[in-house]
Amino acid sequence: MSRRARRALLLAATAALVSGCSNEGATQPESPSYTTVPASTTTAGPAHEVTTLSTTPTTIDVVAPGPGPLGVEMYLPRQPVGAAVVVLVHGGGWLAGSPTSIEPLGRSLAERGAVVFNASYRTDRNGGGYPATFDDIACAVAFARHQAEDLGATGQLSLVGHSAGAHLAAVIASNTNLFGLECPFTESSVPDRVVGLAGIYRLEAVAPIMERFLGGDAQTAPEAWEAADPFRHLDDLVGVEFLLVHGTDDRIAPAASSQQLADALAAAGVAVELELIEGATHNGVIDPAVTADLVVP
C-alpha cells in the first residue's frame, strides 16, 4: 500500500473517531469506548490490530506498534493536520520508570492541539544501557516523524524529557549518526527542539548510576561516556533549539543542573531558554498546569 493510501486510511479513521466522540449534545458514556483499527491504518511495526481509545471530546489515543519495549502511545488532537509534534521521554533515574509517569502531560498537550508520542525505552532493569536505551529513543523520534507525515502534522518536533529522560533527549539531539542505525524508520532522529524538564546533565553528578548504565567508568567505557555526555557534543547541535525548565524546590536535581547546560549551550551559540519555576519540585514540572503552556504555547 502506498504512503498516500496509508495516510488516507489513518486520517479517515481519525476523523471517524473524532466525529463519534464530539457530537454536541450527546450524552458521554461513563467509561471510555474502544474502537479497533486495522493495522493497515498505520505504517509501523508488526501486523496486528491497533487499539484506539476515545477518551475525551478533543483527543483520541492510539496504542501503536513502534520502538521500545512497550511501543509508543499516540495522543491525537481533533485536527492533526499542520499540528506540532511532541515525543515524550519519561524519567526514572536511567534504571527504571514508565511512560505512565508523563502521560497526563501528554494528554494535556494533545488537548492543546499537538500530536503526541509517549515513547517507551529499555531501562537498565530491562536490557537497556549503552547503546540500547539511546537506540530506542532515536528510533522513537524517527517513528514519530514517519507517523506525523502520514497524519499531515507538519509542525515543529519537540523531544520532551523529564529527569533522566531530559539527559537522554539532549544526547539524542546531538548524536546525529550514532544511535538508531538499525531503526526500520528512515526519517531523521534529530528533533527540532529539546525541552528538558528537571534534567540531570552532568554525568559526574550521578557517577555510580552512570557506571552501571554505561557499562563501566570513564576509563573502562570511554566510548559510552563520551557519547552520553551532552557537554561534549555542543558543536553538533545545528539548528536545534533548547528549553530547559527546572523547579526552584527540586530536591533531587538542583536547578543548577539546567543552569550549567544553558550556559554551555549559549556559549556554543545554541538557541536556549531557561525557565525556573518558583516553588516547583522535581516531579512538579511534569504537572500539566505548570509546564504544558511552555511546551506547546
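Here, the structure is the one placed above.
Heads up: these notes are all about the structure in this document. (Residues numbered from 1 in each chain as written. Predicted model: local features only at pLDDT ≥ 70, side-chain atom pairs only at ≥ 80, totals over all residues. Heavy atoms only, no water.)

### Quick notes on the overall build of the protein chain
In step 1: Across its full length, the protein chain holds 8 helices and 10 strands.
In step 2: For the protein chain, the residues scored as buried account for 54% of the 297 residues in total.
In step 3: Summarising the internal contacts of the protein chain: among those between residues at least 6 apart in sequence, 73% fall at separations of at least 24.
In step 4: Element-wise, carbon and sulfur atoms account for 52% of the exposed surface of the protein chain, whose accessible area totals about 12,500 Å². (Helix = DSSP H or I, 4+ residues; strand = E, 2+ residues; numbered from the N terminus. Buried < 20%, exposed > 50% of the residue type's maximum accessible area, 1.4 Å probe, protein only. Contact = heavy atoms within 4.5 Å. Areas by Shrake-Rupley, 256 points an atom, 1.4 Å probe, with all protein chains shown as cover.)

### Points about the state of the cysteines
In step 1: Counting across every chain of the model gives 1 disulfide.
In step 2: The disulfide partner of cysteine 139 is cysteine 183, and the gap between their sulfur atoms is 2.1 Å. Looking down the S-S bond of the cysteine 139 and cysteine 183 bridge, the torsion is 70 degrees, so its handedness is right-handed. Placement of the pair is cysteine 139 in helix 3 (residues 132-151) and cysteine 183 in the loop between helix 4 (164-174) and strand 8 (193-197), with a sequence separation of 44 residues. (Disulfide = S-S within 2.5 Å.)

### Regarding helix 7 (residues 256-267)
In step 1: Compared with the 16 Å implied by 1.5 Å per residue over 12 residues, the 16 Å span of helix 7 between its first and last C-alpha is a close match.
In step 2: Taken together, the buried positions of helix 7 are occupied by Ser257, Ser258, Leu261, Ala262, Ala264 and Leu265. All buried residues of helix 7 lie within an arc of 165 degrees about the axis, which places them on one face of the element.
In step 3: Looking at the buried side of helix 7, the elements it contacts are strand 9 (241-247) and strand 10 (272-277).
In step 4: With its phi angle positive at about 85 degrees, glycine 269 sits one or two positions after the end of helix 7. (Expected span 1.5 Å × (residues − 1). Arc of directions from axis to C-beta.)

### Side note on the pattern of salt bridges
In step 1: What the rule picks out here adds up to 6 salt bridges.
In step 2: As a salt-bridge pair, aspartate 293 and arginine 112 come within 2.9 Å of each other at their nearest N and O atoms. Residue aspartate 293 is found in helix 8 (residues 288-295), and its partner arginine 112 is found in the loop between helix 2 (103-111) and strand 6 (115-119); the two are separated by 181 residues along the sequence.
In step 3: Its relative accessible area of 35% is what places arginine 112 among the partly exposed residues. (Salt bridge = Lys/Arg side-chain N within 4 Å of Asp/Glu carboxyl O.)

### Thoughts on the packing of aromatic side chains
Ring pairs (aromatic) are described by centroid distance and by the angle formed between their planes.
In step 1: All told, the structure shown has 6 aromatic pairs when counted by the stated rule.
In step 2: Ring geometry for phenylalanine 143 and phenylalanine 185: centres 5.2 Å apart, planes at 65 degrees, overall edge-to-face. With phenylalanine 143 in helix 3 and phenylalanine 185 in the loop between helix 4 and strand 8, this pair connects stretches of sequence that are 42 residues apart.
In step 3: For phenylalanine 143, a relative accessible area of 0% corresponds to the buried category.
In step 4: The buried category is assigned to phenylalanine 185, whose relative accessible area is 10%. (Phe/Tyr/Trp six-rings, centres within 6.5 Å; stacked < 30°, edge-to-face > 60°.)

### Points about the environment of proline 230
In step 1: Within the secondary structure layout, proline 230 lies in the loop between helix 6 (222-227) and strand 9.
In step 2: Judged by relative accessible area, proline 230 falls into the buried class, the value being 3%.

### Focus on the nonpolar core
In step 1: Counting residues in hydrophobic clusters, the biggest one holds 64 residues, and the most contacted among them are Phe117, Phe134, Leu214 and Phe242.
In step 2: Each residue touching leucine 214, except ones within four places of it in the same chain, is listed here: Tyr130, Phe134, Leu203, Ala221, Ala224, Trp225 and Ala228.
In step 3: In terms of nonpolar packing, the next biggest core, distinct from the first, is built from 22 residues, Leu243, Val245, Ala280 and Ile286 among them. (Core = buried A, V, L, I, M, F, W, Y, C linked by side-chain atoms within 4.5 Å.)

### A word on helix 8
In step 1: All of the buried residues in helix 8 are Pro288, Thr291, Ala292 and Val295. Angular distribution of buried residues about the axis of helix 8 spans 120 degrees; they occupy a single face of the element.
In step 2: Among the residues of helix 8, the N-terminal cap falls to aspartate 287, whose side-chain oxygen and the backbone nitrogen of alanine 289 are separated by 2.9 Å. (Polar contact = N/O pair within 3.5 Å; in protein donor to acceptor, adjacent residues only side chain to side chain.)

### Here we look at the packing of helix 2 against helix 8
In step 1: Relative orientation of the contacting elements helix 2 and helix 8 amounts to 50 degrees, with a least axis distance of 10 Å. By the criterion of interaxial angle, the relationship of helix 2 to helix 8 is oblique. Note on packing geometry: the crossing formed by helix 2 with helix 8 is right-handed. Seen from helix 2, the contacting residues are Pro104, Leu105, Ser108 and Leu109; seen from helix 8, they are Pro288, Thr291, Ala292 and Val295. (Axes fitted to C-alpha atoms, helices over the stretch in contact; angles between N-to-C directions. Parallel < 35°, antiparallel > 145°, perpendicular 65-115°, else oblique. Left-handed = near helix turned anticlockwise from the far one by under 90°.)

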